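# Examining the three-dimensional arrangement
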Amino acid sequence: MIVVTGATGNVGRELVNALVAAGERVTAVSRNSAEVPDGALHHRADLNDPVSLRPALDGAEAIFLLVAGDDPHAILKEAAGVKRVVLLSSQGAGTRPEVYRHPAMFEQAVRESGLDFTILRPGGFDSNAFAWAESIRTTRTAAAPFGDVGLPTIDPADIAEVAAVVLRESGHAGRTYELTGPALTTPRERVAAIGEALGEPVRFVAQTREEARAQMLQVMPEPVVEGTLAILGEPTAAELAVSPDVELVLGRAPRTFAHWAARNLPAFR
């Protein structure tokens, strides 16, 4: 049995579906009640309360662990009976650990756990474009800073498929996979791709750094906002690199942003 934390998120939801489709027994864990596909069980737990995970982990062979909660060692203590842990971390844990301290802390705890582990480090998600959904629906506009700076953002479905493989198969213990999309795309290009999928133009609105910062501070702590803006505006060579790891694990290239936009078109209509 495989336990998936964060089962209602962009990656977790896709992962539960992939594991069930592969015939695995799955316990989907989330903080709130949730519908899960036939073949999966749901358990309500909060990673801030590691003991609440205990019933879900009874008899589990592997766990997909989200970076959530403040005590990864306590979470991993509850998971001591599993054979394998797959951590969804962040590219920033490697490129900017002084800013992305939370995922870096989880990575260290996983490495010290004594369990077989695999760490997944995705860069930016294609699904971050959902932040434009309302403005695209209502005014056919989308605003972002650094409109002409490209990054290799990744489809969460590809992250989920990689996670499904490393949860089910041997040969990935001790590995850290950097997960990116197949090519650099700019915010301006991603907006255009949504417009193309809609069949009508969407206007890109350039934000200043300060405008974007004020907006992001409403939902993110200041150090993470500053780190995110630095990645968006002045990415390092590592943050610009297109990684081969999705293809290495899946045997195919990662999906394009245009593919993601077409699949999620109802959000923007």
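None of these values were measured; they are calculated from a predicted model.

### A word on the packing of helix H9 (residues 209-216) against helix H10 (residues 222-233)
Two elements in contact, H9 and H10, have axes separated by 10 Å at closest approach and are oriented at 140°. H9 and H10 meet at a crossing whose hand is right-handed. Taken together, the residues of H10 that come into contact with H9 (itself represented by Arg209, Ala212, Arg213 and Met216) are Glu222, Val225, Glu226, Thr228 and Leu229. Grouping the constituent residues of the contact of H9 with H10 by class yields four nonpolar, one polar and four charged.

### Side note on the packing of aromatic side chains
Two aromatic rings, taken as a pair, are described by how far apart their centres are and by the angle between their planes. Taken as a whole and judged by the stated rule, the model has four aromatic pairs. Measuring from centroid to centroid gives 6.1 Å for Phe130 and Phe268, while their planes differ by 15°, and the two rings are stacked. With Phe130 in the loop between strand E6 (116-122) and helix H6 (133-139) and Phe268 in the segment after helix H13 (257-263), the pair connects residues that are 138 residues apart, well separated along the chain. With a relative accessible area of 0%, Phe268 lands in the buried category. Consider the rings of Trp260 and Phe268, whose centres lie 6.0 Å apart with planes at 70°: the pair is edge-to-face. Taken as a pair, Trp260 and Phe268 share a single burial class, namely buried. Clustering of aromatic rings is evident, with ring pairs tying together Phe130, Phe257, Trp260 and Phe268.

### Section: the environment of Asp71
Inspection of the secondary structure assignment puts Asp71 in the loop between strand E4 (62-66) and helix H3 (72-78). Look at Asp71 and you get partly exposed, because its relative accessible area is 39%.

### Focus: the pattern of salt bridges
Scanning the model with the defined rule gives 16 salt bridges in all. Between Arg96 and Glu239 there is a salt bridge, with its nearest N and O atoms 2.8 Å apart. Of this pair, Arg96 sits in the loop between helix H4 (92-95) and helix H5 (101-111) while Glu239 sits in helix H11 (residues 237-240); the two residues are 143 residues apart in sequence, bridging distant segments of the chain. Here Arg96 matches Glu239 in class, with each residue buried.

### Section: the sheet that holds strand E1 (residues 2-4)
With parallel pairing, seven strands are arranged side by side in an open sheet as E3-E2-E1-E4-E5-E6-E8. Looking at the sheet topology across the chains shown, the edges are occupied by strand E3 (40-44) and strand E8 (175-179). Neighbouring strand axes in the sheet, compared pairwise and without regard to direction, differ in orientation by 20° on average. Alignment of E6 against E8, held across five bridges, turns out to be parallel. Each residue of the ladder has a partner; that of Leu120, found in E8, is Tyr177. Most of the contacts of helix H1 (residues 10-21) go to E1, to which it runs at about 160°, and overall it touches E1, strand E2 (26-30), E3, E4 and strand E5 (84-88).

### Side note on H10
Compared with an ideal rise of 1.5 Å per residue, which puts twelve residues at 16 Å, H10 spans 16 Å between its outermost C-alpha atoms and is within 8% of the ideal. Residues Val225, Gly227, Thr228, Leu229, Ile231 and Gly233 constitute the buried set of H10. In this structure, the buried side of H10 is in contact with H9 and H11.

### Here we look at unusual backbone geometry
Backbone geometry places Arg140, a non-glycine residue, at a positive phi of 55°. Among the structural elements, Arg140 can be located in the loop between H6 and strand E7 (141-144). Here Phe146, not a glycine, exhibits a phi torsion of approximately 55°, which is positive. For Phe146, the position within the fold is in the loop between E7 and helix H7 (156-168). For Phe146, a relative accessible area of 25% corresponds to the partly exposed category.

The rules we used
Residues numbered from 1 in each chain as written. Predicted model: local features only at pLDDT ≥ 70, side-chain atom pairs only at ≥ 80, totals over all residues. Heavy atoms only, no water. Axes fitted to C-alpha atoms, helices over the stretch in contact; angles between N-to-C directions. Helix = DSSP H or I, 4+ residues; strand = E, 2+ residues; numbered from the N terminus. Left-handed = near helix turned anticlockwise from the far one by under 90°. Contact = heavy atoms within 4.5 Å. Nonpolar A, V, L, I, M, F, W, Y, C, P; charged D, E, K, R; others polar. Phe/Tyr/Trp six-rings, centres within 6.5 Å; stacked < 30°, edge-to-face > 60°. Buried < 20%, exposed > 50% of the residue type's maximum accessible area, 1.4 Å probe, protein only. Salt bridge = Lys/Arg side-chain N within 4 Å of Asp/Glu carboxyl O. Pairing = 2+ DSSP bridges. Expected span 1.5 Å × (residues − 1).

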